[in-house]
Amino acid sequence: MTNAIGDALQGVREVELTVTGRKTGRQISRPVWFVLDEDSVFLVPVTGSDSEWYKNVRQTPMVQLAANGTALSSGATPITDADRVDHVVAMFRDKYGAEQFASYYPKHNVAVQVPLG
């Protein structure tokens, strides 16, 4: 794992995600929850496959993650396999709590993997 971004993500509850707008081509940033597993960051769109940022990632799979003044540009891979999505959702529940996750994530049919190295 890239030490700078890995260190920046330790103890952080959210990361700044920047995607390219599929209609405007502009950079769009928003804070999102994430989990770190091995050498990747995993994201779950709040409204699943209906989330605008997820649709943008599907069209332009290059994103930027930023936390604590450190940024990383990397490719992003949508995850649609139900078993893999369930694994990511379980990690989110462990990190943020099942009740919090359930209240903020009404639909979780997809996830996104962003490798750090």
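Residues numbered from 1 in each chain as written. Predicted model: local features only at pLDDT ≥ 70, side-chain atom pairs only at ≥ 80, totals over all residues. Heavy atoms only, no water.

1. Considerations on the packing of aromatic side chains
And then number 1: All chains considered together, the criterion is met by seven aromatic pairs.
And then number 2: Note on Trp33 and Tyr105: the rings are 5.8 Å apart at their centroids and 40 degrees apart in plane angle, and the pair reads as tilted. Linking Trp33 in strand S2 (residues 27-33) with Tyr105 in the loop between helix H4 (98-104) and strand S8 (111-115), this pair joins segments that are 72 residues apart in sequence. For the pair formed by Trp33 and Tyr105, the shared burial category is buried. (Phe/Tyr/Trp six-rings, centres within 6.5 Å; stacked < 30°, edge-to-face > 60°. Helix = DSSP H or I, 4+ residues; strand = E, 2+ residues; numbered from the N terminus. Buried < 20%, exposed > 50% of the residue type's maximum accessible area, 1.4 Å probe, protein only.)

2. Focus on the sheet that holds strand S4 (residues 40-43)
And then number 1: Spatially, S3-S4-S8-S7 is the arrangement adopted by the four strands of the open sheet, whose pairing is antiparallel. Of all strands in the sheet, those bounded by a partner on one side alone are strand S3 (35-37) and strand S7 (77-79). Neighbour to neighbour, the strand axes of the sheet diverge by 30 degrees on average, direction disregarded.
And then number 2: The strands that helix H2 (residues 52-59) touches are S4, S7 and S8; relative to S8, the one it contacts most, it runs at about 55 degrees. (Pairing = 2+ DSSP bridges. Axes fitted to C-alpha atoms, helices over the stretch in contact; angles between N-to-C directions. Contact = heavy atoms within 4.5 Å.)

3. Looking at helix H3 (residues 82-96)
And then number 1: Across its 15 residues, H3 extends 21 Å between first and last C-alpha, which sits within 8% of the 21 Å expected from 1.5 Å per residue.
And then number 2: Within the span of H3, buried status applies to Val85, Val88, Val89, Met91, Phe92 and Tyr96. Seen end-on, H3 carries its buried residues on one side only, within an arc spanning 155 degrees. Turned more than 90 degrees away from the buried face of H3 sit Asp83 and Asp94, all of them exposed.
And then number 3: The inward-facing, buried residues of H3 abut S2, S3, S4, S7, H4 and S8.
And then number 4: Downstream of H3 by one or two residues, Gly97 has phi in the positive range, about 95 degrees. (Expected span 1.5 Å × (residues − 1). Arc of directions from axis to C-beta.)

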